[in-house]
Amino acid sequence: MSCTINADDIKRVKALGCLHNKGTDLFNVRVITVNGKISTEQARVITEAAEKYGNGELVFTTRLTVEVRGVHYDNIEPFRKYIARAGLETGGTGTKVRPVVSCKGTTCQYGLYDTYELSRKIHERFYIGYGGVKLPHKFKIAAGGCPNNCVKPDLNDVGIVGQMVRAHDKELCKGCGKCQIEMNCPMKAAKVVDGRITIDESVCNNCGRCIKFCPFHVNDGAVPGFKVYIGGRWGKRTAHGQALSKIFLSEEEVLAAVEKAILLFRDRGQAGERFADTIARIGFEEADRLILSDELLQRKEEILAACLEE
């Protein structure tokens, strides 16, 4: 089979999440799952659509979308209409906010916050809400429930990591020979020194695994929070994101930080560069300052109205 579709039409449907199988008139069509979680009804509709319009194969992507293979160009719109009955849409391509990736922190024994709920809010506010906003390059977001980092938050443009901010009351410490906090710290950051519990802050990752193990309630008062990384990138040129200098204590603070990161990229990014390159160029300290201030939100309308250089 040879390709009879012109380049402009291939580009047009790519913007809809339909990726061309080179040398053919067939496409792999990406179905957005919001955060990697779909209902049985949605799964049934995707399966039916794959059988009706594709080759019957489903591929799960690293960004938690479902890719239906072998959809003929003429069947793209019928396919999209068919899955729309279950509230599903195609997409996930282009120089804009990409579908958010979430771990299962909502139900995981190590999860420190409701990752599915936060990622749903990110999807609605930024994947959908910023869907028409052109950026210098693609922009990926990941929501991880704990420092195990299963979804590699620090390898995304913005990555969120659940935290449990400790509040040790050393006055309650009895200096036990077998300290339960020390024994249950997976990072080996906790040690009893001179009869008091001490925490090596350079090693502790706020995983919360030691919380409430002390029979004398030394560390019962922990507060849940979020660490936000910016400027990560996976691919040909890998870059590890850096954590903002503040640990956020509410979802609204996190959502505001995500929005300011997107606005910063649109305002200061250059065409074709990833957010990691923008941060390297302007300096992490400046990026950190801007995201932790309200300057970008105050200029939101101006930033979104500006024309980006091609």
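None of these values were measured; they are calculated from a predicted model. (Residues numbered from 1 in each chain as written. Predicted model: local features only at pLDDT ≥ 70, side-chain atom pairs only at ≥ 80, totals over all residues. Heavy atoms only, no water.)

Once that is clear, we can look at the packing of aromatic side chains. Taken as a whole and judged by the stated rule, the model has seven aromatic pairs. Taking 6.0 Å as the distance between ring centres and 45° as the angle between the ring planes, the aromatic pair formed by Phe27 and Tyr73 counts as tilted. Of this pair, Phe27 sits in strand S2 (residues 26-31) while Tyr73 sits in the loop between strand S4 (66-72) and helix H3 (76-84), and the two are 46 residues apart along the sequence. On the basis of relative accessibility, which here comes to 0%, the residue Phe27 falls in the buried class. Through a chain of ring-to-ring contacts, the aromatic side chains of Phe139, Phe265 and Phe275 assemble into a single cluster. The aromatic ring of Tyr116 is capped on one face by Lys37, whose charged end is 5.5 Å from the ring centroid. Here Arg85 stacks its cationic end above the ring of Tyr82, 3.9 Å away from the centre of that ring. (Phe/Tyr/Trp six-rings, centres within 6.5 Å; stacked < 30°, edge-to-face > 60°. Helix = DSSP H or I, 4+ residues; strand = E, 2+ residues; numbered from the N terminus. Buried < 20%, exposed > 50% of the residue type's maximum accessible area, 1.4 Å probe, protein only. Lys NZ or Arg CZ within 6 Å of the ring centre and 35° of its normal.)

Here we come to the nonpolar core. Within the largest apolar cluster, 37 residues are counted, with the highest numbers of intra-cluster contacts made by Phe139, Ile160 and Ile230. Breaking this core down by element, the ones donating at least two residues are helix H4 (115-128), strand S6 (141-144), strand S7 (158-165), strand S10 (223-230), helix H6 (251-268), helix H7 (275-282) and helix H8 (284-292). Top contributing element to this core by residue count: H6, with nine residues. By size, the runner-up hydrophobic cluster in this structure holds 21 residues, among which are Val31, Ala49, Tyr53 and Val71. (Core = buried A, V, L, I, M, F, W, Y, C linked by side-chain atoms within 4.5 Å.)

Taken in spatial order, the five strands of this open sheet run S5-S6-S7-S10-S11, and their pairing is mixed. Looking at which strands have only one partner, the edges of the open sheet turn out to be strand S5 (101-102) and strand S11 (242-243). Sheet topology note: the S10/S11 ladder contains two bridges and is antiparallel. The residue bridging Ile230 from the neighbouring strand is Gln242, located in S11. On the sheet, H4 packs against S5, S6, S7 and S10 and is oriented at approximately 160° with respect to S6. (Pairing = 2+ DSSP bridges. Contact = heavy atoms within 4.5 Å. Axes fitted to C-alpha atoms, helices over the stretch in contact; angles between N-to-C directions.)

Pairing is antiparallel across the open sheet formed by four strands, whose spatial order is S1-S2-S4-S3. Two strands bound the open sheet, and with one partner strand each, they are strand S1 (18-20) and strand S3 (58-60). Ignoring strand direction, the axes of neighbouring strands in this sheet form an average angle of 30°. When S1 meets S2, the two strands line up antiparallel, connected through three bridges. Within S2, the position partnered with Leu19 by the bridge is Asn28. Sheet strands touched by helix H2 (residues 40-53): S2, S3 and S4. Its angle to S4, the strand with the most contacts, is close to 20°.

This part covers H3. The set of residues buried in H3 consists of Ile76, Phe79, Tyr82 and Ile83. On an axial view of H3, the arc spanned by its buried residues comes to 125°, and they lie on one face. On its buried side, H3 packs onto helix H1 (7-14), S1, S2, H2 and S4. (Arc of directions from axis to C-beta.)

This part covers the pairing of S10. Relative to S10, S7 runs antiparallel, the two sharing eight bridges. Bridging across to S10, Val158 finds its partner in Ile230.

As a further point, take the environment of Lys134. Relative to the helices and strands, Lys134 is located in the loop between H4 and S6. Remark: the alpha-carbon pair of Lys134 and Arg266, spanning 132 residues in sequence, is separated by 7.9 Å. Of the polar contacts made by the side chain of Lys134, one reaches the side chain of Thr95; its length is 3.5 Å. (Polar contact = N/O pair within 3.5 Å; in protein donor to acceptor, adjacent residues only side chain to side chain.)

The next thing to look at is the environment of Arg120. With respect to the helices and strands, Arg120 occurs in helix H4. Remark: the alpha-carbon pair of Arg120 and Gly36, spanning 84 residues in sequence, is separated by 9.9 Å. Contact partners of Arg120, with chain neighbours within four places excluded, come to Val34 and Asn35. At a separation of 2.9 Å, a polar atom in the side chain of Arg120 contacts the side chain of Glu124.

Attention shifts here to the environment of Asp25. With respect to the element layout, Asp25 can be found in the loop between S1 and S2. In sequence terms Asp25 and Gly70 are 45 residues apart; their C-alpha atoms lie 8.9 Å from each other. A polar contact is formed between the side chain of Asp25 and the side chain of Thr4, at a distance of 2.6 Å.

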